[in-house]
Amino acid sequence: MSLVTRRGLFVAGAGGLLAGCDAVGRNPTAKSILMKDSDFHYRLQRLIGGGHSLAREFRPEQRSPVFRVNGTANPNTQDYNAHVANRFAEWRLRFDGLVRRPLSVSLAQLQQMPQRAQITRHDCVEGWSAIGKWQGPRLATLVDAAQLLPSARFLVFHCADSINGRPYYESIDLVDALHPQTLLAWALNDKPLNVGHGAPLRLRVERQLGYKQAKYIMRIQATDSLAGFGDGNGGYWEDASGYEWYAGI
């Protein structure tokens, strides 16, 4: 099966499952069924694509003229607004949890690391897509620097925004964390991220749907289980609306 065909298959499957997610998330029985299907989806994706298949990349002229904002448009907290006011000069990314070397990294330090730029398509669960150029260090670079403990299985991304009073977070496994196209992006279309697109830093895990692309990242935590975060489903939308934890496409 070609990459494009496989991508289309998983977008269609995820779209069918997520079309009624708000109602599903409020129904414990339906949510249980959805999460079982999510586990099957995860295993199937790994079986077909392993951990190494690449998302399609595009030419510069194929970029979308407008790249829509998804999710929160502005955390609008006192701390975040202070970071915006001083252009994130005092902002630090923490990387801790099950690591040997906890990190505290400035935006300037992230920009000085080896960089990757890629032009990829963002597929939103709301039904729209956009193609843009992302730039930043590979997440694997920080994983290597932090030296994960053998028990670490997941990375949890803690973000500056909240929705309906619940802190926003997301998570991925180490297969996606170490994938060559998984970035900590600080630039979109050759410009630093603006507030709407997640300044100063957002996750780009290109083989998953848009809600997995966490924005406003403040902390990355290595863990052996997702049970202790939120409602234990691996992310804000997974907890609040029953979205699949693994949103592979």
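Since the model is a prediction, treat every value here as computed from it, not as a measurement.

A. Fine view of the nonpolar core. L93, F95, L139, L155, F157, L184 and I220 are the most contacted members of the largest nonpolar core, which has 47 residues in total. In contact with L184, not counting residues within four places along its chain, are L93, Q135, G136, P137, L139, L142, F157, L201, R202, I217 and I220. Grouped together as the second largest cluster of nonpolar side chains are 7 residues, F154, Y169, W245 and Y246 included.

B. Broad picture of the sheet that holds strand β4 (residues 129-136). Pairing is antiparallel in the open sheet, where 4 strands are placed in the order β3-β4-β8-β9. Pairing within the sheet leaves two strands with one partner each, and these edge strands are β3 (116-123) and β9 (191-192). Here β4 pairs with strand β8 (residues 187-188) via 2 bridges, running antiparallel. Paired with Q135 across the two strands is A187, which belongs to β8.

C. Local environment of the pattern of salt bridges. Going through the model one piece at a time under the given rule, you end up with 12 salt bridges. As a salt-bridge pair, D176 and R207 come within 2.7 Å of each other at their nearest N and O atoms. Taken as a pair, D176 in helix α7 (residues 174-177) and R207 in the loop between β10 (202-204) and β11 (217-223) lie far apart in primary sequence, 31 residues in all. R207 matches D176 in its accessibility class, with the two residues each being buried. Across the pair E206 and R204 runs a salt bridge whose closest N-O atoms are separated by 3.1 Å. Here the two residues E206 and R204 agree in accessibility, since each one is buried. A network of salt bridges, in which partner residues are shared, links R63, K133 and D190.

D. Representation of the sheet that holds strand β5 (residues 154-163). Spatial ordering of the open sheet is given by β2-β1-β11-β5-β6, a layout of 5 strands whose pairing is mixed. Each end of this open sheet is capped by a strand with a single partner; those strands are β2 (103-106) and β6 (166-173). In this sheet, neighbouring strand axes are inclined to one another by 20° on average, regardless of whether the strands run parallel or antiparallel. Of the pairings in the sheet, the one linking strand β1 (residues 92-97) to β11 comprises 4 bridges and is parallel in character. Looking at the pairing, G97 lines up with A222 of β11. Where helix α6 (residues 139-146) meets the sheet, it contacts β1, β2, β5, β6 and β11, and its direction lies at approximately 55° from that of β1.

E. Seen up close, the side chain of R202. Mapping R202 onto the fold places it in strand β10. There is no salt bridge for the buried R202, and the closest opposite charge comes from E206, which lies 8.2 Å off by N-O distance. At 3.4 Å, the side chain of R202 forms a polar contact with the side chain of N70. Only 3.3 Å separates the side chain of R202 from the backbone oxygen of Q213, close enough to count as a polar contact.

F. Spatial organisation of the environment of V156. With respect to the helices and strands, the residue V156 is situated in strand β5. Expressed as a C-alpha distance, the spacing of V156 and A214, which sit 58 residues apart in the sequence, is 10.0 Å. Aside from chain neighbours lying at most four places away, what touches V156 is Y169, E170, S171, R219, I220, Q221, T223, L226 and F229.

Conventions adopted
Residues numbered from 1 in each chain as written. Predicted model: local features only at pLDDT ≥ 70, side-chain atom pairs only at ≥ 80, totals over all residues. Heavy atoms only, no water. Core = buried A, V, L, I, M, F, W, Y, C linked by side-chain atoms within 4.5 Å. Buried < 20%, exposed > 50% of the residue type's maximum accessible area, 1.4 Å probe, protein only. Contact = heavy atoms within 4.5 Å. Pairing = 2+ DSSP bridges. Helix = DSSP H or I, 4+ residues; strand = E, 2+ residues; numbered from the N terminus. Salt bridge = Lys/Arg side-chain N within 4 Å of Asp/Glu carboxyl O. Axes fitted to C-alpha atoms, helices over the stretch in contact; angles between N-to-C directions. Lys, Arg positive; Asp, Glu negative; His and termini not counted. Polar contact = N/O pair within 3.5 Å; in protein donor to acceptor, adjacent residues only side chain to side chain.

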